[in-house]
Amino acid sequence: MKTALTLSGSIRKGSVNTMLQAQMGRKLTEAGVAVNAISLGDFPMPIFNEDLEPHGVPEAAVQLAELWRSHDIVFIASPEYNGGLTPLLVNAVTWVSRQRPSPFRHAIFGIGGVSSGKYGTIWGLSHLRESLTKMGALVVPTLLGIGPADQAFDEKGELVEPAITRKVEQMVTELTSFSRG
Ligand SMILES: Cc1cc2nc3c(=O)[nH]c(=O)nc-3n(C[C@H](O)[C@H](O)[C@H](O)COP(=O)(O)O)c2cc1C
């Protein structure tokens, strides 16, 4: 059975990206994948600074890197902040990127995001794709940018737009059929 780790770049109460994380988790579960949903709020790390490294790496960074290495699939839902990514996600990825062996070369990665605006995190996701790819990750091609957030979900937290639901399903197919061997 394949395993998936899901996370959100927002730990805000009521986060729409955490809703997308949950939706992707349900779809992966339906596809027969064992899903492990985590919150970055449970992985506290100081703001990255190379001067800190000689004094030790935060345990949370070691644990997060090991989770990325030990799942077949990693799905990241991220808000877009100012056309980029959230400091929470950038900080976590930065700490994780310093761990060895590489946490990026095992799993197949899927990325998606929900924003309050109609452009649906497309700029933020393009930063995330480029950064993950630069570090050697294999990121599936589907672009899962969703917005505006207030029209995206019903009261049960399910995505309402059929075209978006099809994209989620397309990403599930990609995530479950691609493999790094
Ligand atoms: C600092 C900041 C910057 C933002 N920049 C953008 C942006 O560039 N594009 C966008 O579509 N939404 C932007 N937003 C709005 C977010 O899309 C919105 O707050 C969204 O709900 C955040 O996701 P979350 O609910 O998962 O926390 C920004 C919000 C904040 C707080």
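Look up a bit, the structure's there.
These numbers were taken from a predicted model, which means no experiment stands behind them.

Overview of the pairing of strand β2 (residues 34-37)
Part 1: As defined by bridge partners, strand β1 (residues 3-8) adjoins β2 across four bridges and the pair is classed as parallel. Paired with T6 across the two strands is A37, which belongs to β2.
Part 2: Tracing the backbone out of β1, into helix α1 (residues 16-30) and back to the parallel element β2 gives a crossover that is right-handed.

Considering the site of the ligand
Part 1: Every one of the 13 residues lining the ligand counts as a neighbour, but S10, R12, S15, N17 and E80 are closest to it.
Part 2: In this structure, a nitrogen atom belonging to the ligand sits 2.7 Å away from a side-chain N or O atom of E80.
Part 3: Within the side chain of S115, an N or O atom sits 3.0 Å from an oxygen atom of the ligand.
Part 4: Protein burial of the ligand: of its 620 Å² of free accessible surface, 70% is covered by the chains.
Part 5: Residues of the shell around the ligand, tallied by class, amount to three nonpolar, eight polar and two charged.

Considerations on the pattern of salt bridges
Part 1: Enumeration over the complete set of coordinates arrives at five salt bridges.
Part 2: Notably, a salt bridge pairs R98 with E53, separated by 2.8 Å at the nearest N-O pair. With R98 in the loop between α3 (87-97) and β4 (108-114) and E53 in the loop between β2 and α2 (59-70), this pair connects stretches of sequence that are 45 residues apart.
Part 3: Accessibility expressed as a relative area gives 42% for R98, which makes it partly exposed.
Part 4: For the salt bridge of E66 with R69, the shortest nitrogen-to-oxygen distance reads 2.8 Å. Taken together, the residues E66 and R69, both in helix α2 and three residues apart, mark about one turn of the helix.

Conventions adopted
Residues numbered from 1 in each chain as written. Predicted model: local features only at pLDDT ≥ 70, side-chain atom pairs only at ≥ 80, totals over all residues. Heavy atoms only, no water. Pairing = 2+ DSSP bridges. Helix = DSSP H or I, 4+ residues; strand = E, 2+ residues; numbered from the N terminus. Right-handed = clockwise from strand over helix to strand, strands pointing away. Near = heavy atom within 4 Å. Polar contact = N/O pair within 3.5 Å; in protein donor to acceptor, adjacent residues only side chain to side chain. Areas by Shrake-Rupley, 256 points an atom, 1.4 Å probe, with all protein chains shown as cover. Nonpolar A, V, L, I, M, F, W, Y, C, P; charged D, E, K, R; others polar. Salt bridge = Lys/Arg side-chain N within 4 Å of Asp/Glu carboxyl O. Buried < 20%, exposed > 50% of the residue type's maximum accessible area, 1.4 Å probe, protein only.

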